[in-house]
Every structure is written in structure tokens, then in C-alpha cells.
Amino acid sequence: NITAIFSEAREFGKQQLKEQIQTRLDRADDDKDETEGSCRQAVYAMKPQTPSGQEDEYDAVEQLETLRYLLERSEKSLSAIRADSEINSLWSQAFPSCLCSVTCPSSETQYRTADGTCNNLANPCWGKSSSPQARLLPSKYGDDLGLGSAPRNATSGQTPVELPSARRISSALFRDFSKKDEDTKLSFEVMSWGQFIDHDMVFTPVSKGAGGNSIACCVAPVNSTIRAAVTDRVECAAIAVDFTTDPHFNNTECLDFVRSAPTTSTDSSCIPLGREQMNLATSFIDGSMVYGATAARQLSLRDTEKNKGLMLVSPGNLPPPLETPVSCRLTSEEGNFCLKTGDGRTQVVPNLANDHVLILRLHNLFANQLAQRTSWTDEKLFQEARKMTIAVLQQITYAEYLPLILGPNLMNEYKLKVWESSHNIYNSAINPTVFNNFAVAAFRFGHSQITDFQNNLNNYYNHTTVNKIEDTFLRPIFTVRNKGEDLDKHARWKVTSHSGEAGRLFPKGVLDLLFLDSLGHSLDLPAINIQRGRDHGIPPYVEFRGVCGLNVPASFSDLTNHASANRALLASIYGDVADIDLFAGAMTEEYVPGGKVGPTFGCLLGIQFQALKHGDRFWFESSNVFNTDQIIELKKMTLSKVMCLNYNMCNLQLRAFEIPNFINNRPTACSNMPDMNYDVFK
Ligand code: HEM
Ligand SMILES: [Ca+2]
């Protein structure tokens, strides 16, 4: 009797959720943000941006547990359950919020919403913030039912064994500081911009403890200083460390890792397929990391009093201070404060905060220019300046950044080139929602471009202040001191120094020393990337080769996009080619021609950036967004010009993503770079 089983399942789901909430309450003391090692979560897993953040998570827990019970008791398969009309109707009564309930205004809106809704008028939730990430391939988790209660954790062969630890893989594959090199051509700003626009497209929240605090997954037992994994918390998937052989960590068995908060995604059946992950950002490149991804956040960032369409600033033209600062690393220097922007991760490293300030200032520059020329309302000025700023973000990303990463062939293949295409770019059949594989693996390729430093170059371009990256993590003082006086110097350093060489090797600053705290605890970023892929149930590398139309290797010798040394390394780590994690397999491929990623990530990035362009009704080149005269003016806003306008640079090369040289990327006076004619925007 299905009705009876369903009501048992429903009770079971409620009970499981209750227990999970109770555990979080019981462990509240372990989870205080001030506790050692919890810094990472305190900032990276920002307290829910929306009040509903935690409710969505709880709803998903309840749904997944209900489904688990149904699967176990009804002896039906998931597809049979999903096709069962009786269960379907019981399900939608029990969980009514399963479908997109947004209704859009009847007349076509002129401006983007803050949360991305109604970009696609037929599918108003496509690309919106606080919705599930999309899947290119079905999930592959470690639990028997495949619903995601355990991360992918076992090999695929006849007799599965545990996959190698993410830290072990990282040490064996990504670590060789003696060989780690700089990119000969690309400037550090390439890395920085990648991080900045990543935060425009995706922010995956992790589960949180009671009161929104971070969950501690590594704790030293009584009578020991060696931290070990907490085993009885479902939110944890700590990374195992063998401290007897680890090249760096000699006093812990455990690197903290909280699982991404579960959510569920549904089609017309309403019954989920399994655990999914949330995106708190809007998928579109729409400056949500600057403007906020909800209407409330956006409003709280605006200065509506001056009637000029401005964003709020604090002295020095910096973002305003965050009301609830992240205290765990905020040192007590006078004038220190955390920056409030559209995204919670702004203070992670100085290079990121630097780009945030740049674009915030650009918005205010545009707003002031428009205010001088028109008698528009604050609202209209804000929206028009925002629209122009977003156009600049899209243009810099597609015209300047992506060609250096993907090379000319993929730019063509995925129709990513700007200024050449027709006006019919928008295709309402394309769903722009960010793919899980993109967020958790493909676009993290940029982590290999990080370097060990976050330096400043003085006004005369002749003296560099050296800051080791591990001293700057989560330390806004590097950005805000003396009203932001170092911003210009940091920007100069970013465009004149080299980024790391993309590929297999990572710098010590993030491989051993990520978020180093005063107790000496730190994390490993590429290991986290691998673990996060498993947490999200991302299928192995070889399966993505398949969707990309590349050869699907059946043995290590089939890894034709790998150099033989990398092939041998992978074979020494993984027993079977089918087990290789997506991040590990794709990061070690040889570059596509003219690019900085291999064919697998090239394809996954190509698919995503194509969807973000052709699935965006407000794409800056589309008809009805800007007219031809306006596009001609916007085209002048190269990253170099934007930096000139907002930082004191004097002169810099025309292509900021490439190291200056005197042959074809000469340092040029800012005044020699054409400025926009704002009159055409009246
Ligand atoms: C110094 C620079 C950077 C630092 C310290 C940093 C650090 C981090 C950390 C700690 C995470 C969260 C990891 C997790 O818990 O799963 C993360 C996520 C991510 N990073 Fe970076 N990162 C940097 C630069 C970059 C760059 C250059 C790119 C791309 C070009 C990038 C792309 C991403 C992406 C796509 C995510 C996933 C975001 C999400 O789903 O919420 N990062 N990064
Ligand atoms: Ca966005």
C-alpha cells in the first residue's frame, strides 16, 4: 500500500532532519567561528546570504531521506518511483515548492533583475541565484542508492576499494615546487580576473552549524594534539592525511572539509534524482559579485540618497564596511574593516578585493557621467550605469580573457568571439545555468595560475613590497589600510608580474598553506578541489571525455592528450584509468593550441561560456540592449583603460592580461588610450 509506505517515508524524513538539526545544536560549541581551524568556513562558507539559505538545505535533507526510505521499502527503482502517478501526487502535496514559481511582468523588462529571474521569459528561473547547479552527466555518489548521502569514494572495478585520499593525489601529482614555473606571457591579472568572474557565476554554499556557524570536521581528541576526522557528522567529508609520510602536514590526520549544502533539482515529476548543489550567485555574467544576487542585497549596496545612481562607498572610494565582520582573521590595526560587496568572498586575497574596487569605481564613474548629462531618476541612473558596467565585464571576459585561455579554435567552435557575430545571439532555448562540473572542476583550472606572492609596486615602478600569499589570506587590511593607498600599487604589480603557469603544478602557498592560521593549521586547495568533486558526485574524468566527443580511454596508454610523464604519474596513483578524478585527469592534459587548458576542460569551459553568452537575453551585443554607437564606445573599455580610469597607473600596456614589452605590448600613457563619448548614452 503506497499511501501507507509514503506516510512512513514522510515520518522518516522528518525524523532524520530533526536528528541532523539536533546534532548541529549539540555540537554548537565545536562549531564556534572563533575555534581554531574554522577560519576557512567562516569566510568561504559565508553565513547564508538569503534567510532561506538554511531552509532550502533542510528541505532537501527531508526530501532525500524520504526518497531513501521509499526506495528501500517500496522495492521499486528510482525511475519507477518517479513515473508512479500516485507517488507523484503524494509527493507534490508533501513538498509543494518543487517547481519554479516566479511570474514575470507581462511587458518585456528593460533591465536585469538582481537575482537573474525573468532573463528567460519562458523559463524565468533559468540562471537565477539560489537555485541548483545543472548537470551535464548524471551524478555518481558513493552510497548504494546513489542519492548522495556519501561522496564518490570507491573505485569502479569488480571489487571496489577506497579511492586514494585527495591529499595523497595532490602531493603526488600537483606538487613539485622546484619545477613550478611562471607563465612567460600572461600577467598575474589573468589569474585575478578568473577568480573575480568565477565569483560572478558561482558560489556554492556548504552546510552550516547551529546559528550559521561553521562545522568543525577535524578535532583533536582528548589527550592528543593530532587532529582526527569527526566521523559521526553527515555534513563532513574530511580529507585524510597520512602525517607519517606527508611532505608538509606532520601533526594532523585530517584536513577540514564540510560538504556542500544539499539541494534538490526537479523536472516535471517533482521527485528528485538525488543530491544536488546550490548556486547562490546568478549564473549570468551580470556583476552579481559586485551588485549582489538578491534584490535586498543590491538595495543595501546602493547609495540612493545622492540621486545619482551610485553604489555606496567608504572613504577612499572603497566598498562600505561589512556589518558583521569576519572576526577570526581580522587583525586589530586601526582602520581595518571587512569589505561589503555583492559576494562574501571578497577578502580572501588582495588581488580579488582589488578587482572588486576597480569595478565598483567603474560603476560610480558611469553613474556620475550619466547624471551630468541627464535628469534621470536615481533608479534609472543606477540601472543604466549597471548595464554599462556589465557590458564591460562581458566584453573584457570574452574579448580579452577567454582567447588567452581557450585559444582561437575553441573560441570559434563555441561561438565565443565578440564584435563579429550578428545581433541574433540570444537563443531562448539555451539554459545558462552554471554546470556543476564547471564550478567544481573546469573553472578551477585557474588555481594553478596562483603564485606565492601578493606584492605591491610603487608609483615609480621601481620598488616592490613583497607579501607572501599565506600572510594575506582573509586579511582585508592589505586592501583597506590608509584608505586604500596600496590599491594602485597592487594593481601595478598585477599587470606587470607573471601569473603562474597553468597546468599540473601548484604553488606552496595554496597547496600546503591555504588559509594558514596562527596555530599553523592550513589546507590544500587542489586536494579540496578533488574532494569537492567527489562530494558533488561528479563522475570520473573518462566520462567527461565521452560527452566532449574525445576518445574515452580504456587504459592508461589511451591517455593520448597527456605527456608520457603525466600518464605515468596518473598510473602510479590510480589503479584504473576509469577512477581518475575529473580535476586530476583534465589538469594534467597538454594545452589546446594557443590555450592554457587541455581539450577536456577546453570543452567544458566552451560549453559553459557559450551558454552564458547565447542564453543571456541581456547579452551586451544583443539587439535592444545597446545601439551600434554605444557598442562602439563600450569597445574602448579595455581592462587597461578601465584600470587607467580608476587607479593611478600613469601608463600601462594596452593588453593588461599580457606582460608589457617594448615590441608589441608597450607601456602606454593612460591619456593616449581613447575614452568613451558618454553623450551617446544619454
Ligand atoms: C589566490 C587566488 C585564489 C584562492 C585563494 C582561491 C581559493 C578558493 C577556495 C578556498 C575555494 C573553495 C574550495 C572548496 O571548498 O571547494 C575556491 C573555489 C573556486 N575557485 Fe578559487 N581561488 C583562487 C583563485 C581562483 C581562480 C584564478 C579561479 C578561476 C580562474 C578560481 C575558480 C574557483 C571556482 C570556480 C571555485 C568554485 C566556486 C564555488 O563553487 O563556490 N579560483 N577557490
Ligand atoms: Ca552573476
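Residues numbered from 1 in each chain as written. Chains lettered and ligands numbered in written order. Predicted model: local features only at pLDDT ≥ 70, side-chain atom pairs only at ≥ 80, totals over all residues.

- As annotated in an unreviewed UniProt entry, the protein carries the name Thyroid peroxidase and is attributed to Mizuhopecten yessoensis.

Quick word on the environment of Gly503
- Relative to the helices and strands, Gly503 is located in the loop between strand S13 (498-500) and helix H16 (508-511).
- On the basis of neighbour count, Gly503 is assigned to the buried category, with 22 C-beta atoms found within 10 Å.
- Spatially, the C-alpha atoms of Gly503 and Tyr291 are 32 Å apart, while their sequence positions differ by 212 residues.
- Residues in contact with Gly503, not counting those within four places in the same chain, are Ser448 and Met587. (Helix = DSSP H or I, 4+ residues; strand = E, 2+ residues; numbered from the N terminus. Buried ≥ 20, exposed ≤ 12 C-beta atoms within 10 Å, placed from the backbone. Contact = placed C-beta atoms within 7 Å.)

As for the UniProt feature "binding site: heme b" (unreviewed entry) in the protein
- Under the present numbering, the feature "binding site: heme b" (unreviewed entry) in UniProt falls on His447.
- Mapped onto the elements, His447 comes out in the loop between helix H12 (436-440) and strand S11 (456-457).
- Discounting chain neighbours no more than four positions away, the residues touching His447 are Phe506, Val510, Leu525, Pro526 and Asn529. (UniProt positions renumbered as here; feature names shortened; annotations may be inferred.)

Focus on helix H15 (residues 487-496)
- For H15, a buried count of ten out of ten residues is recorded, marking the element as mostly surrounded by other parts of the structure.
- Of all the residues in H15, the buried ones are Leu487, Asp488, Lys489, His490, Ala491, Arg492, Trp493, Lys494, Val495 and Thr496.

A few points about the nonpolar core
- Within the largest apolar cluster, 148 residues are counted, with the highest numbers of intra-cluster contacts made by Ala238, Leu255, Val392 and Met643.
- A total of 16 residues in this core trace back to one element, the largest contributor, which is helix H11 (residues 378-413).
- Membership of the second largest hydrophobic core comes to 19 residues, among which are Leu90, Trp91, Tyr141 and Ile271. (Core = buried A, V, L, I, M, F, W, Y, C linked by C-beta atoms within 7 Å.)

Overview of the site of ligand 1
- The local shell around ligand 1 holds 21 residues, among which Gly194, Gln195, Thr204, Gly446 and Arg532 are the closest.
- Only helix H7 (188-201) and helix H17 (525-535) provide two or more residues apiece to the shell around ligand 1.
- Of all the elements, H7 adds the most residues to the shell around ligand 1, at four residues.
- When its residues are assigned to classes, the shell around ligand 1 shows twelve nonpolar, six polar and three charged. (Near = placed C-beta within 6 Å. Nonpolar A, V, L, I, M, F, W, Y, C, P; charged D, E, K, R; others polar.)

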